[in-house]
Structures are given as C-alpha cells and as structure tokens.
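Survey of secondary and tertiary structure
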Amino acid sequence: MDYLLELLNIDIPHLFIMFLIFAFIGWTCEEIYCSIGMRKLVKRGMLYGPICPIYGFGGVIIIYFLYPWRDTWLRLFFASLVLTSILEYFVSWLLEKLFHAKWWDYSKNPFNINGRVCLLNSVLFGLLGIAQWHYVEPFVYNMVYWKPIQPWIHLISVLLALVLATDILATIHKLVDFNSTMEKFKQFGEQLKDRYEGEDWFKPQSLHTMLASIKERAAIDSTKFSEKFLTSVEGYSKRQHNIESWLKRLPSMTSKDYQNALDHIKQMLAENIMENKRLLLAQKESLKAKKDALLSEQKNAHLAAKATKAERKQKK
C-alpha cells in the first residue's frame with residue numbers, strides 16, 4: 001500500500017473529489033439501511049443531490065487522523081467510533097443552533113448522548129472506518145488517480161464544486177423557508193392560546209387540537225369568528241409540503257422552539273397517509289366488486305347461452 005504515503009500529501013482537487021465519493025458512498029449506505037428498516041424506499045440527506053457531506057468529512061478525517069492505526073483493526077475501530085461520533089454530535093449541535101431544530105433525534109435509542117449520538121450508530125461508524133481503510137480507500141484512490149482524467153482533474157473538481165455550491169444554496173433557501181414557516185406556526189399557536197384559552201370548547205393541548213376545536217366551534221356557531229380568521233385557520237390546517245419533505249427524510253426531527261408546530265404537521269401527514277390508505281383500500285374493493293360482477297355476468301351469459309343451445313337441440 002505504497003499509495004498511502006502519497007495520500008497524506010494529497011492536493012485539494014483530489015481531496016475534494018475523494019470527499020464527494022465518501023459522501024456519496026455514505027448516502028448510499030444510509031439509503032439502504034433506512035429503507036430496509038422502514039420497509040420502503042426513503043430519501044435521506046439534507047441536500048438535493050445523492051450525497052451526505054457528513055460522511056465526506058468523516059472519510060477525510062479518518063484518512064488524516066487514523067493513518068498510524070490503519071493496520072490495527074481494534075484501535076482503528078474504536079478511534080473511528082470516537083471521531084465520527086464527535087463529528088455527528090457537533091454537526092447535530094451546529095444545525096440546531098442555526099435552524100432551531102434537532103434534525104435527527106436518538107433519544108429513544110439506548111445509550112444515547114442528548115439524542116445526538118447513540119451506541120448503535122457509533123458502532124456502525126466504527127465498522128465503516130475499518131471498511132474504509134481496508135476496502136473502500138484503495139478503490140477510491142484508484143478512481144481519483146485514474147490516469148486518463150488527471151489532465152482534467154482541476155476542471156472536474158471546479159465543476160463539481162459549482163454543482164455542490166448550487167445544491168447548498170438551494171438547500172439553505174429551503175431551510176430558511178422552513179424556519180419562516182415554523183415561526184409563523186409558533187406565533188399563530190401562541191395567539192390562539194392568548195385569545196381562547198379560557199373558553200370551555202377550546203383544546204390547548206397542541207396546535208392540531210387547537211385548530212380542530214376552532215373548526216368544530218365554527219361549525220356550530222360561525223358568527224363567533226370572522227371570515228378572515230377562519231381563512232387563516234384553514235390555511236394553517238392545510239398540508240405544508242416543504243416541512244413534510246424534511247419530515248419524510250428525517251422523521252425523528254424534534255425542536256425545542258417549534259415542537260408544537262412540528263407535531264401538528266406530523267399529525268396532518270399521518271392523517272393524510274391514513275386517508276390515502278383508506279382510499280386505496282376502497283379503490284381495491286371497488287375494482288374487486290367490478291371484477292366479481294363482470295365474472296358473474298360472464299358466467300350468467302355462458303349459462304344462458306348453454307341453456308339456449310340445449311333448448312334448440314330438444315326442438316330438433
């Protein structure tokens with residue numbers, strides 16, 4: 001493995017491409033792992049493209065910091081476990097500070113630290129560290145240093161950097177929209193509590209119950225609310241596709257600031273899934289009924305034709 005000596009002095013274009021490959025491999029592993037666990041195909045990651053940058057950073061960190069332990073499997077395992085867990089904890093903390101949401105929450109997993117890291121994932125990261133050094137790294141190195149692309153390596157890295165930058169900017173725009181929507185939901189919920197908390201019919205347990213109780217009350221006495229206010233209530237009761245897209249990718253997301261709004265949108269999403277299942281079941285039952293009716297009609301027609309044929313024979 002002579003290439004390892006050169007690897008530690010790798011230049012920025014090659015390192016950046018290696019970062020992207022690690023990020024893609026990590027995204028692929030997470031897609032497979034989560035899809036198997038949820039028994040359906042799920043889209044993971046915060047970016048639009050098929051990469052998870054945290055895996056790219058983890059791969060680069062393992063290359064540079066764990067080179068001395070590359071042949072000591074046990075040390076490599078524990079060192080990879082510790083370094084990647086620190087990285088995951090820091091990224092979780094940073095994202096929460098920036099966007100007021102914990103984008104993954106392992107609070108229900110045993111042996112977790114503040115819901116940011118957990119033993120199971122850390123062990124898997126340790127195993128990935130071993131796999132990286134002994135199986136993935138030679139493949140990635142040969143790919144990045146493939147001779148036919150070396151004259152174009154700087155151009156390739158610049159083009160990929162532009163694509164990544166565009167993806168990041170689009171994602172940041174979406175995250176700002178997420179924060180704005182969550183803040184509106186939070187403020188509206190606080191306004192509802194301030195205005196109706198003393199009313200017997202009002203259910204302040206969550207934003208979902210607040211909106212539902214107002215709509216129920218409006219159905220009984222619509223004069224109690226203005227048309228503009230009811231339009232606002234209806235608007236906050238509609239599906240929020242931007243927020244739902246994040247929840248589908250990161251279903252364990254929680255937020256200290258916006259938990260009420262998140263729970264409301266999760267409830268709407270769950271109700272929509274149940275309604276779609278109900279409609280699908282009704283459609284299947286309707287198709288089955290039509291198929292049974294068609295078969296019965298065909299059978300009756302066949303019996304009638306057979307009876308007619310028998311009568312004709314008797315007449316002859």
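Computed from a predicted structure; not experimentally measured.

Some details on the packing of aromatic side chains
- Under the counting rule described, the total for this entry stands at 17 aromatic pairs.
- Ring geometry for Y196 and F225: centres 5.7 Å apart, planes at 75°, overall edge-to-face. Here Y196 is found in helix α6 (residues 153-196), whereas its partner F225 is found in the loop between α7 (207-220) and α8 (227-237), with 29 residues between them in sequence.
- Residue classification places Y196 among the buried positions, given a relative accessible area of 8%.
- For F225, a relative accessible area of 7% gives the class buried.
- Seen in terms of ring centroids, W201 and F202 are 5.9 Å apart; in terms of plane orientation they differ by 90°. Their pairing is edge-to-face.
- Look at F202 and you get buried, because its relative accessible area is 5%.

Quick word on the state of the cysteines
- Counted by the stated rule, this structure contains zero disulfides.
- Here C29 is not cross-linked by a disulfide; its sulfur's nearest cysteine counterpart is in C52, at 10 Å.
- The partly exposed category is assigned to C29, whose relative accessible area is 35%.
- The cysteine C118 is free of any disulfide, with C34 supplying the nearest cysteine sulfur at 11 Å.
- The class of C118 is buried, set by a relative accessible area of 2%.

Section: the nonpolar core
- Membership of the largest hydrophobic core comes to 36 residues, with the highest contact counts inside it found for W103, L192, I214 and M253.
- Mapped onto this core, the elements with two or more residues apiece are α4 (73-99), α6, α7, α8, α9 (241-249) and α10 (259-315).
- Tallying contributions element by element places α6 first for this core, with seven residues.
- The residues contacting I214, other than those within four sequence positions of it, are L192, Y196, W201, F202, F225, F229 and V233.

Regarding the packing of helix α3 (residues 53-65) against helix α5 (residues 119-144)
- α5 packs onto α3 with a crossing angle of 70° between their chain directions and a minimal axis gap of 11 Å. Comparing the axis directions of α3 and α5 gives the class roughly perpendicular. Considering only the axes of α3 and α5, their crossing is right-handed. In contact with Y55, G59, I62 and I63 of α3, α5 contributes F125, G129, Q132, W133 and E137.
- Classifying every residue of the contact of α3 with α5 gives five nonpolar, three polar and one charged.

Some words on the layout of surface pockets
- By volume, the largest pocket amounts to about 1,400 Å³.
- Taken together, 46 residues make up the lining of the largest pocket; nearest its centre are E30, R44, I54, W104 and L250.
- At the level of elements, α2 (12-38), α3, α4, α5 and α6 are the ones that each hand at least two residues to the lining of the largest pocket.
- With eight residues, α4 is the largest single contributor of residues to the lining of the largest pocket.
- Tallied by class, the residues present in the lining of the largest pocket amount to 33 nonpolar, seven polar and six charged.

Focus on the environment of W201
- The topology assignment puts W201 in the loop between α6 and α7.
- Separated by 126 residues in the primary sequence, W201 and R75 have C-alpha atoms spaced 62 Å apart.
- Not counting residues within four places of it along the chain, the set of residues in contact with W201 comprises Y196, S213, I214, R217, K224 and F225.
- There is a polar contact of 3.3 Å between the side chain of W201 and the side chain of E199.

As for α3
- Over its 13 residues, α3 runs 18 Å from end to end, which matches the ideal 18 Å to within 8%, given 1.5 Å per residue.
- When we look at burial in α3, the residues that qualify are Y55, G56, G58, G59, V60, I62 and I63.

What to know about the side chain of E31
- Relative to the helices and strands, E31 resides in helix α2.
- Excluding residues within four positions of it along the chain, E31 makes contact with V42, K43 and R44.

Criteria and thresholds
- Residues numbered from 1 in each chain as written.
- Predicted model: local features only at pLDDT ≥ 70, side-chain atom pairs only at ≥ 80, totals over all residues.
- Heavy atoms only, no water.
- Phe/Tyr/Trp six-rings, centres within 6.5 Å; stacked < 30°, edge-to-face > 60°.
- Helix = DSSP H or I, 4+ residues; strand = E, 2+ residues; numbered from the N terminus.
- Buried < 20%, exposed > 50% of the residue type's maximum accessible area, 1.4 Å probe, protein only.
- Disulfide = S-S within 2.5 Å.
- Core = buried A, V, L, I, M, F, W, Y, C linked by side-chain atoms within 4.5 Å.
- Contact = heavy atoms within 4.5 Å.
- Axes fitted to C-alpha atoms, helices over the stretch in contact; angles between N-to-C directions.
- Parallel < 35°, antiparallel > 145°, perpendicular 65-115°, else oblique.
- Left-handed = near helix turned anticlockwise from the far one by under 90°.
- Nonpolar A, V, L, I, M, F, W, Y, C, P; charged D, E, K, R; others polar.
- 1 Å grid on protein atoms, 1.4 Å probe; cavity = no way out; pocket = protein on both sides within 12 Å on 5 of 7 lines; lining within 4 Å.
- Points joined across faces, edges and corners; volume = space filled by probe spheres on them.
- Polar contact = N/O pair within 3.5 Å; in protein donor to acceptor, adjacent residues only side chain to side chain.
- Expected span 1.5 Å × (residues − 1).

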